[in-house]
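# Fold and geometry: a report
Single-letter residue listing:
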Amino acid sequence: MSNERTPLITSGVCGLAVTAVACGAESDATPESASGSGSGSGTPSKDPRKLNTFFGVMVPTILSMFSIVLFLRTGFVVGHAGLLQGLLMLIVAYTIISLTILSICAISTNGAIQGGGAYYMISRSLGPEFGGSIGLMFFLAKVCACGEYVLGLVEAILDVFGSDPESSVTGGVHVLPQGYWYTVLYSSVVLLLCLLVCLVGAHIYSRTAFAILLVVTVSLLSIFISSVAVKPREFVITHKGPGNQTVHYNTSYTGFNATTLRNNLGSGYALDYSTNSVMSFATVFAVMFTSCTGIMAGANMSGELKTPSISIPKGTIVAVFYTFTVYVLLFILVSATCDRTLLIQDYGFLQKINIWPPFVTIGIYCASLSAAMCAMIGASRILHALALDHLFGLPLAPAAITSSSGNPWVAVLYTWGLAQCVVFAGQLNAVASLVTVFYLLAYAAVDLACLALEWASAPNFRPTFQLFSWHTCLLGILSCLVMMFVINPVYSSGSIVLLLLLLLFLHYRSPTSSWGYISQALIFHQVRKYLLMLDVRKDHVKFWRPQVLLMVANPRSSCQLILFVNQLKKGGLFVLGHVQLGDLDALPSDPVQHQYNFWLSLVDKLGVKAFVDLTLSSSVRQGTQHLLRITGLGGMKPNTLVLGFYDSCTPEDFFLQDSAFCDSSMGRENEGEYNFGVDLPSLQAHFPPVRHVESPRWLSPEEYVGIISDALKMNKNVCLARYFFQLEGEGKDSKVDGSERTIDVWPLNLLQPGSRDYQDVCSLFLLQMACVLNMSSKWRHARMRIFLNVETESSDQGWVVDEETFRELLRKLRIRASIKIVPWDSVVQHHVQPGGEPKPALSEDFLSAVNSMLTEHSSQAAVRFLYLPRPPAHYSQAQQYLAQVEAVTNSLGPTLLIHGVTPVTYTGL
């Protein structure tokens, strides 16, 4: 059965269907449930979940947050920004990540977390489109971070071992040649070392990382001890200046000194010697913030953690608190002991002021190498999770391959290849802004996921971590977005555009998932709120719109009518109703429930905006009463009932005519389309063949007329639709714009000769419905004609006044239509006895004459709107009533007979 761990069925991008075991799947999975991803791949034979909180979360998070910034950019930050702004940057950065950590803790304690870390959280909360796009961008951020850490490591190596005689370090064995291509070469060698470690597996890295953490801790302790043990010193720093000139800087290490601290309190932004550009708050913050981008290092290891829902919150919070304390102490220490020139002009100054310089050197190498490996492993896990979900199809399909121990070695190779491209940037500070922007966008997405879950108020969102609210989520989102644009507006705008493009790409190309969509929960929450606000007591006629219940016996013969009513609804409610005959007492279960998927799939195929409501009843009339009463909710309830006409016409099977119901059965169905368990053959088999002439009817004429009477008693407007199987051009792929169409309206009650009332409620309702149709997309350019039946030979010439009055009414109602005067004296004569008195009943001659008149004037119309007389009060006259209506509309073409009971026109503002 589908659940949150189920990958997408097929790829919506490249059409590749791949089945692969999810990282972290249960060890007792059957062979059928986990198959290899290709030759040379292996299904994990043992549970890869081995890491606890300390080794799996705390150690990688601490090392990722220390990285190169701790040793190589602390002086850079304090020197340019000063202690006060440096601490402000630190507080702002840690506030942003703390808000995000609250969201991470909430999501990770709300259910089982699989491999993929942040991607898994976002995709299972916000759906595959958002999760896939953010996951890919977070993967790219990790790749860039890996390259950044490697460049920082090479910078530190060249600072000690570089052969440049004008290097800022005067000691050491200077044997390594320097230059852009040499930097790329050394970075490639370091990346290759990271690749070899990561190919072995995350568990080896976690053990190695612990040893690295011990080394980094010893290096930190040596720095704090040196601030007391080392005596003040003077230094001369040499850099290449403009025009290839050599620039010398005299600076000093003063030890703890109040004057030094006072001089370093304020900012002093100057030229950065590595990039030859003047620094600012934004550029310095971008470099400093890279120290905060490791908060998800533990979350990205979720596939290897024994208990991720416990380890991720606990380990991440402890690691962040520890690193924040270390950074604050280190900022204060260097600002109180080092001259500003030393901080700005020598990133490796901590080596010079250490009791034993190799302590710092080893710490830099270990921290940078560990951060690079952590970024590579984290990126590979995200890519592996993306590949398992088949969101991007063939390009990422090999990344789903794992080793026998569960290590996604192909994803590691992908990551290594892209990181190799990043090192061509050549400078650490050049990559920092891009990395920071990508990370901030990913953090904002995590906050958005938590905010959406909180706002949706879903009962199953019950995280055990409670120290969060929608306020913290919203503040986290805003903080991330603001800092993105503060750091680099160009990168920020570009990343958001890339995110939107990926969102659209995945939305239109990826299949529907079975993970559950937070959008559905949010929509439900908002719809419920607004339905409560939609007060029926505040309804006003000027905002009236048709809300239609269309009763459908068999959609095979009703598809054209369904498409037509979809044009007629004008943004109102449209419900397809169907009555299943039966008695629930005699059945083991409700037969209606399993039919909804078939009807909803029909709605999807036709491309109409309609709901479906089915009921079980002993008769069609009683079932229709049920639907008229209970369909809809609050202020969204049907006000108009539409029925197919009751006649002896043999219906046509629309399923045999429309390509949407034929192409897929011929093997051209979209492979990426998720059909909710209803494929086309099942859909065709569910609905029975169309009725033959000899087939028994589901309802009698009396019952049919009774349905009309019931609707009118319930104050519902009624429309009877005849010959709509002849209507063409209503399909979703049709290019018809209505320019060749004509809408004819006959607002007079033609079965009541002598009537002159063109302005009763029913006549005005006819006009309104015709006008609504004329406003729809496929009828927008259709011509509307209104026919006025007059007795020109009568001594009473009041019809002239009536015509002028009617024209004035159309002007007030803003209805654009041409008025046609139709003399019908000859028709009325068939209803008059020789003495001049009207006949007690409508004769066949009169009905035939009315039909001839309609045929003469409206034979070319695309659709006709006729006045439907009120049905007789006694059921014994039902057949006569139907016969009269049938005779009048015989062979007319698509005709809508309407009886309106609702005032719908308004001439005021």
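What you are looking at is a predicted structure, and each value in this text was computed from that prediction instead of being measured. (Residues numbered from 1 in each chain as written. Predicted model: local features only at pLDDT ≥ 70, side-chain atom pairs only at ≥ 80, totals over all residues. Heavy atoms only, no water.)

### Remarks on the overall build of the protein
The criterion, for reference: For helices the rule is a DSSP run of H or I covering at least 4 residues; for strands it is a run of E covering at least 2, with both sets numbered from the N terminus onward. Throughout this description, buried means an accessible area under 20% of the type-specific maximum (1.4 Å probe, protein chains only), exposed means over 50%, and partly exposed covers the range between. Every residue pair with non-hydrogen atoms within 4.5 Å of one another is taken to be in contact. Surface accessibility follows the Shrake-Rupley procedure with a 1.4 Å probe radius. Residue values consider only the protein chains on display as shielding.
Each helix and strand in the protein was counted, giving 27 helices and 14 strands. Burial statistics for the protein: of 909 residues in total, 56% are counted as buried. The long-range fraction of contacts in the protein, counting pairs at least 24 apart against all pairs at least 6 apart in sequence, stands at 81%. Total accessible area on the protein is roughly 38,200 Å²; 60% of this is exposed by carbon and sulfur atoms.

### So, the environment of Thr183
Relative to the elements of secondary structure, Thr183 occurs in helix α5 (residues 180–200). Residues Thr183 and Val154 lie 29 residues apart in sequence; the distance between their C-alpha atoms is 6.8 Å.

### Section: the nonpolar core
For clarity, the threshold we go by: For our purposes a nonpolar core is just a set of buried Ala, Val, Leu, Ile, Met, Phe, Trp, Tyr and Cys residues, chained together by side-chain atoms within 4.5 Å.
Grouped together as the largest cluster of nonpolar side chains are 162 residues, with contacts concentrated most on Leu70, Phe71, Ile97, Val216 and Ile295. With sequence-adjacent residues up to four places away left out, Ile295 is seen in contact with Thr61, Met65, Ile97, Thr100, Ile101, Ile104, Thr316, Val320 and Tyr443. Val579, Leu680, Leu809 and Leu882 belong to the second largest nonpolar core, which has 115 residues in total.

### Side note on the confidence of the model for the protein
Here is the rule we go by: Every residue is assigned a pLDDT by the predictor, reflecting its confidence on a scale from 0 to 100.
In the predicted model, the protein carries a mean pLDDT of 82, and the fraction of residues at 70 or more is 86%. Considering each helix and strand of the protein separately, the mean pLDDT is smallest for helix α3 (residues 118–126), with a value of 75, and largest for strand β5 (residues 548–551), with 96. Throughout residues 1–45 the model reports pLDDT below 50, and contacts reaching past four residues in sequence, or to other chains, amount to 100 contacts. Overall, residues 167–172 carries pLDDT values under 50, and its contacts beyond four positions in sequence, including any with other chains, amount to twelve contacts.

### Looking at the sheet that holds β5
Under the convention used in this document: For two strands to be treated as a pair, DSSP must find no fewer than two bridges joining them. In this analysis an axis means a line fitted to C-alpha atoms, helices contributing only their contacting stretch, and an angle means the value between N-to-C directions, from 0 to 180 degrees.
The sheet built from ten strands is open, its strands ordered β7-β6-β5-β8-β9-β14-β13-β10-β11-β12 with mixed pairing. If you trace the sheet from one side to the other, it starts and ends with β7 (611–617) and β12 (818–823), each paired once. Taken pair by pair, the neighbouring strands of this sheet meet at an average axis angle of 25°, ignoring direction. Bridge analysis of strand β10 (residues 742–746) against strand β11 (residues 783–790) gives four bridges, and the strand direction is parallel. Residue pairing across strands places Ile743 opposite Met784, the latter belonging to β11. Sheet strands touched by helix α20 (residues 620–630): β5, β6 (574–581), β7 and β8 (640–644). Its angle to β7, the strand with the most contacts, is close to 135°.

### Topic: the pattern of salt bridges
What counts is decided by this rule: The rule for a salt bridge is simple: a side-chain nitrogen of Lys or Arg has to be within 4 Å of a carboxyl oxygen of Asp or Glu.
Counted according to the given criterion, the structure contains nine salt bridges. A salt bridge links Asp647 to Arg722, with the nearest nitrogen and oxygen atoms 3.1 Å apart. On the criterion of sequence distance, the pair formed by Asp647 in the loop between β8 and α21 (680–686) and Arg722 in strand β9 (residues 717–722) is long-range, its members being 75 residues apart. Using a relative accessible area of 9% as the deciding quantity, one classes Asp647 as buried. The exposure class assigned to Arg722 is buried, which follows from its relative accessible area of 2%. Across the salt bridge formed by Arg785 and Asp744, the nearest N and O atoms sit 2.8 Å from each other. On the criterion of sequence distance, the pair formed by Arg785 in strand β11 and Asp744 in strand β10 is long-range, its members being 41 residues apart. The buried category is assigned to Asp744, whose relative accessible area is 0%.

### What to know about the packing of aromatic side chains
Our working definition: Stacked, edge-to-face and tilted are the three classes for Phe, Tyr and Trp ring pairs, Trp counted by its six-membered ring, which pair at centre distances within 6.5 Å; planes under 30 degrees apart are stacked, over 60 edge-to-face, the rest tilted.
Summed over all chains, the structure comprises 27 aromatic pairs. Between Phe138 and Tyr439 the ring centres are 5.7 Å apart and the planes differ by 85°, which places this aromatic pair in the edge-to-face class. One end of the pair, Phe138, is in helix α4 (residues 128–161); the other, Tyr439, is in helix α14 (residues 428–456), with 301 residues separating them in the sequence. Comparing Phe138 with Tyr439 shows no difference in burial state: the two are buried. For the ring pair Trp599 and Phe687, a centre distance of 5.2 Å and an interplane angle of 90° mean the geometry is edge-to-face. In this pair, Trp599 is assigned in helix α19 (residues 596–606) and Phe687 in the loop between α21 and α22 (701–713), connecting sequence segments 88 residues apart. Neither Trp599 nor Phe687 differs from the other in exposure class; each is buried.

### Considering the packing of α5 against helix α13 (residues 409–422)
So the rule is basically this: For classification purposes, angles smaller than 35 degrees are called roughly parallel, those larger than 145 roughly antiparallel, those between 65 and 115 roughly perpendicular, and all remaining angles oblique. By the definition used in this description, the sense in which the near helix is turned from the far one sets the handedness, with an anticlockwise turn below a right angle giving left-handed and a clockwise turn giving right-handed. Each residue gets one label: Ala, Val, Leu, Ile, Met, Phe, Trp, Tyr, Cys and Pro are nonpolar, Asp, Glu, Lys and Arg are charged, and the others, such as Gly, are polar.
At a minimum axis separation of 10 Å, α5 and α13 run at an interaxial angle of 170°. Classified by the angle between their axes, α5 and α13 sit roughly antiparallel to one another. Pair α5 / α13 crosses with right-handed handedness. Listed contacts from α13 to Ser188, Leu191, Leu192, Leu195, Cys198 and Leu199 of α5 are Trp409, Val412, Leu413, Trp416, Ala419 and Gln420. Of the residues contributing to the contact of α5 with α13, the split by class is ten nonpolar, two polar and no charged.

### Some words on the packing of α20 against α22
Remark: α20 packs on α22, axes separated minimally by 9 Å, with the N-to-C direction vectors making an angle of 20°. When the axes of α20 and α22 are compared, the pair comes out roughly parallel. Seen along the crossing, α20 lies across α22 with a hand that is right-handed. Where α20 abuts α22, its residues Val620, Arg621, Thr624, Gln625 and Leu628 lie against Glu703, Gly706, Ile707, Asp710 and Ala711. Looking at the contact of α20 with α22 residue by residue, the classes come out as four nonpolar, three polar and three charged.

### Thoughts on helix α2 (residues 69–108)
Operational definition: Expected helix span is taken as 1.5 Å per residue step, with the number of steps being one fewer than the number of residues.
Taking 1.5 Å as the rise per residue, α2 with 40 residues should run 58 Å; its terminal C-alpha atoms sit only 28 Å apart, a clear shortfall. When you tally the buried positions in α2, you get 32 out of 40 residues, the bulk of the element.

### Focus: a nonpolar patch on the surface
Filter applied, for reference: Only residues above 30% relative accessible area that lack a salt bridge enter a patch, with like-charged residues linked at up to 9 Å and the nonpolar side chains Val, Leu, Ile, Met, Phe, Trp and Tyr linked at up to 5 Å.
There is a patch of nonpolar side chains on the surface, built from Leu192, Leu196, Leu199, Trp409 and Leu413 and spanning about 410 Å² of accessible area. Looking at the nonpolar patch, the elements that each hand over two or more residues are α5 and α13. What makes Leu413 partly exposed here is its relative accessible area of 33%.

### With respect to the environment of Leu568
Along the chain, Leu568 turns up in helix α18 (residues 559–568). Here Leu568 falls in the buried class, since its relative accessible area comes to 2%. Linking Leu568 and Trp779, residues 211 residues apart in sequence, is a C-alpha distance of 9.7 Å. The residues touching Leu568, leaving out its near neighbours within four places in the chain, are Pro546, Met769, Val772, Leu773 and Leu896.

### Considerations on helix α27 (residues 878–888)
Rules: An arc is given here, and it is the one of the directions from the helix axis to the C-beta atoms.
All of the buried residues along α27 are Ala878, Tyr881, Leu882, Gln884, Val885 and Val888. Angular distribution of buried residues about the axis of α27 spans 160°; they occupy a single face of the element. Looking at the buried positions of α27, the neighbouring elements they touch are α22, β9, α26 (844–858) and β14 (895–899).

### A closer look at unusual backbone geometry
Here the phi dihedral of Lys570 falls at roughly 50°; this positive angle occurs in a residue that is not glycine. By the element assignment, Lys570 lies in the loop between α18 and β6.

### Side note on the pairing of β10
For β10, a buried count of five out of five residues is recorded, marking the element as mostly surrounded by other parts of the structure. By the alternation rule, side chains of β10 split into Thr742, Asp744 and Trp746 and Ile743 and Val745, which are all buried. Both β10 and strand β13 (residues 863–867) contribute to a ladder of four bridges, which runs parallel. Bridged to Trp746 within β13 is Leu866.

### Brief notes about the pairing of β5
To keep it simple, the criterion reads: Handedness is read with the strands pointing away from the viewer; a crossover is right-handed when the path from the first strand over the helix to the second is clockwise.
What you see with β5 is no split at all: Val548 and Leu550 on one side and Leu549 and Met551 on the other are buried throughout. Across four bridges, the pairing between β5 and β6 is parallel. Paired with Leu549 across the two strands is Val575, which belongs to β6. A crossover connection joins β5 to the parallel β6 through α18; in handedness this β-α-β unit is right-handed. Two strands pair when backbone bridges link them, and β5 and β8 are joined in this way by three bridges, in the parallel orientation. Residue Val548 lies in a different strand from β8, and its bridge partner there is Thr640.

### Describing the side chain of Asp447
Worth spelling out the cut-off: Residues scored as charged are limited to Lys and Arg (positive) and Asp and Glu (negative), so that His and the chain ends carry no count.
The residue Asp447 is located in helix α14 in this model. The side chain of Asp447 is buried and forms no salt bridge, while Lys142, the nearest opposite charge, is found at 16 Å. Not counting the four nearest positions on each side in its chain, Asp447 is found in contact with Leu99, Thr100, Ser103, Cys473, Gly476, Ile477 and Cys480.

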